[in-house]
Amino acid sequence: MADPIHQFQITPLPGLDFGEVTLPVIGTVHLAFTNSHLAMTLAFVLVIAFLQVSTSRAQVVPGRLQAAGETMFGMIDNLAQSIIGHDGRKYFPFVFTLFMLVLMMNLLGMFLTFTATSQLAVTATFGVLTFALVVIIGIAKNGLGFFGLFWPTSAPLLLRPVVGLIEFFSFLLRPVTLALRLFGNMLGGHVALKIFAGFIVSLMGVALAGGVGLFALPVAALSLGMVIALTALEFLVAFLQAFVFAVLACIYLNDVVNLGHGH
Amino acid sequence: MAATPSAPPPVLPVEQAVEYAAETGHVPANAAAAAAEHDAGGLPQFEFQHWAGQAVYLLILFAILYVLVAKVFAPRLRRVIDERAETVSSAVATARSVQTEAAAQAEAAKADLEKARADARATAAAAKARVTAEIQARQAEEEAAVAARVGEAEKAIAATRDGAMVHAAAIASDTTRAIVERLTGKAPTAAEADAAVKGAA
Amino acid sequence: MEAEAAKFIGAGIATIGMVGSALAVGNIFGQFLAGALRNPAAAASQVGNLFVGAALAEALGILAFVLGILIWLG
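Residues numbered from 1 in each chain as written. Chains lettered and ligands numbered in written order. Predicted model: local features only at pLDDT ≥ 70, side-chain atom pairs only at ≥ 80, totals over all residues. Heavy atoms only, no water.

A. Looking closely at the pairing of strand 1 (residues 12–23) of chain A. All names here are of chain A. Examined bridge by bridge, strand 1 and strand 2 (residues 27–34) share 6 bridges and lie antiparallel to one another. Bridged to L23 within strand 2 is G27. Taking the residues that link successive antiparallel strands as the turn, the strand 1-strand 2 hairpin has 3 residues, and the phi of V25 there is positive, at about 70°. (Pairing = 2+ DSSP bridges. Helix = DSSP H or I, 4+ residues; strand = E, 2+ residues; numbered from the N terminus.)

Shown next, in the form of C-alpha cells:
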C-alpha cells in the first residue's frame, strides 16, 4: 500500500490472462488484457463519446459540450496551421488523435488508480509512431532529399559534417525524448502524490499512538496540503504534456513537410 | 535485501518496516508477489514482456480513432465551423450594408434638415427685413409729422415773438415819450420817440 | 549493505541534474514575462514557443529524474 511504485504494476485482469509466448526477436510476450489495456480502452471510449456527443448535433450556435469540443478542435487546428502552414489540415487528424488520446489518458490517471501514460511502453509507442510518421512522410515527400535535413546549408562547409552528425543524432533522439518527457512527468507526478499521501497515513498512525506522536499531526496536515496542491499541479501537467506532445509532433512534421523551403 | 536482490525495497515508515521484519521475518507479501514479475528491473514499467501487448493494442486503438477523427468528427466540426464563419461573415456583411444605408439616410436627413434650416433662416431674414423696413417707414413718417409740427410751432413762436417785439417798440416809445415829457415838460412827437428808441436799440 | 547505500547515494546524486532543468524552466518563464511586459501585444503569439521551450528544457530534468528512479529501483 505504501509502496509508491506499486501503482505502476501491470496486472492481467482476472480471466483475461492468456499466458506467455516466446516470439523470435521480440522475446517473451505476456498475452493478457491488463489494467493498462483497460485504462487505454477507457480513454479511447471516453474520447469517442466526447467527440460523438459534442459533434452529433452540431449547431451553428454551439451548446456547452460542443463549445468544449470546438475549443479542443480549434486549438489543435490553429496549432497545425500555424506551425505546418497550409498543409496543416492534412495532418490535423493525426495530431488531434494524438492529443486527445494522450490528454484523456493523462486525465483518467487523475481519477483512476492506474495511468496509462505512466507506462513507458505506451509513451514509447506514441513517440515511435510520431517519429515513424515523420520519417515516412519525409521520404515520401522529398525522396532522398529527406537527408537534406541533416545537411545544414547555412553552416560553413567545413563544419557541415559535424553539425549534420549532431543534427542526425538529435533527430534519432526525438522519439526517446518524446516518450521520456511524457513518461517522466506522469511517473514523477504520481510518485510524488503517492509519497505525500503515504506520509499522511503513516504520520496519522504515529499521531494516534498519542504522547509525543501528536507532534506528527501538523506534519500530516502539511502533507495533506501538499497532496492538494500537487493534485492541482498534476491536472495542469496532464493538459500541458498532451499539448506539448501535439506541438512537438507538429514541429517535427513541419520539418519534413516544408523541407528546403523553410517559412 | 539479500533475499530478493531485484525487488524494490518496500517503502514503509521505519517503524512499520521493523514491525514487518519482526513479525514475518520476510518482505511484505505484495512486494514478494511483485518481485516475481520484476525481471528486467525495479520499475514495473521495465517489465518488457508487457510491452508488445500494450504497444500493439494502443496502435489498434490509435488507428481506429484516427479513422474516426479523419472521416467523421473532423469533417463534422469543420463543416459547422465553416458554416458559422459563413453565417458570421454574411451577418457582418449585411450589417455593414445596412449601416452604409443608414449612414446614407442619415446624410440625406441631415441635408434636408440643413436645407429646411436655411429656408427658415431665409424666411426669418426676409420677415425681419420687411418688418424693419415697415418700422423705418413708419418712423420716418412720424418723424416727418413731428418735424412739421415742430416747424409750425416754431413759426408760431417766431410770429408771437415778432408781434411781441413790435409791441415792445411801441411800449418803449410810449415810455420814452412819457419819461421825456415828465423830464422836460414837453412831449416829443411819436416819430421822434420812435427814432430815438430805434437808435437806442 | 554498503553497495545498497551507494545505490541510494547515487540515485540522489543523479537527481541533482534536475537543478539545471529547474533553472532553465524558470529562466524561460522569467524571460517570457519580461518580454511580455515590454510588448504585451506580441505575447499571445509566443505562448506556443514558450511551452515548447519549457518542455524541451524540462525533458532533460525528467531524464535525470528517471535515471535516479532507475538507480534507486534497478
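Additional details are given in the paragraphs that follow.
B. Structural view of the nonpolar core. Membership of the largest hydrophobic core comes to 70 residues, with the highest contact counts inside it found for I76(A), L79(A), F99(A), M105(A), F126(A) and L253(A). At the level of elements, helix 1 (35–56), helix 2 (64–84), helix 3 (88–111), helix 4 (120–142), helix 5 (160–208) and helix 6 (216–257) of chain A, helix 3 (51–184) of chain B together with helix 4 (47–73) of chain C are the ones that each hand at least two residues to this core. Sorting elements by how many residues they give to this core places helix 6 of chain A first, with 15 residues. Sequence-distant contacts of F99(A), defined by excluding residues within four places in its chain, comprise M72(A), M75(A), I76(A), F239(A), A242(A), F243(A) and A246(A). (Core = buried A, V, L, I, M, F, W, Y, C linked by side-chain atoms within 4.5 Å. Buried < 20%, exposed > 50% of the residue type's maximum accessible area, 1.4 Å probe, protein only. Contact = heavy atoms within 4.5 Å.)

C. Structural detail: the packing of aromatic side chains. Per the counting criterion, the structure on display carries 23 aromatic pairs over all chains. Relative to F48(B), the ring of F46(B) has its centre 6.1 Å away and its plane inclined at 70°; by these criteria the two rings are edge-to-face. The class for F46(B) is buried, based on a relative accessible area of 15%. Each member of the aromatic cluster is reached from another via a ring pair, and the members are F131(A), F146(A), F147(A), F150(A), F168(A), F169(A) and F171(A). In this structure, R78(B) is placed above the aromatic ring of F92(A), and the distance from its NZ or CZ to the ring centre is 5.3 Å. (Phe/Tyr/Trp six-rings, centres within 6.5 Å; stacked < 30°, edge-to-face > 60°. Lys NZ or Arg CZ within 6 Å of the ring centre and 35° of its normal.)

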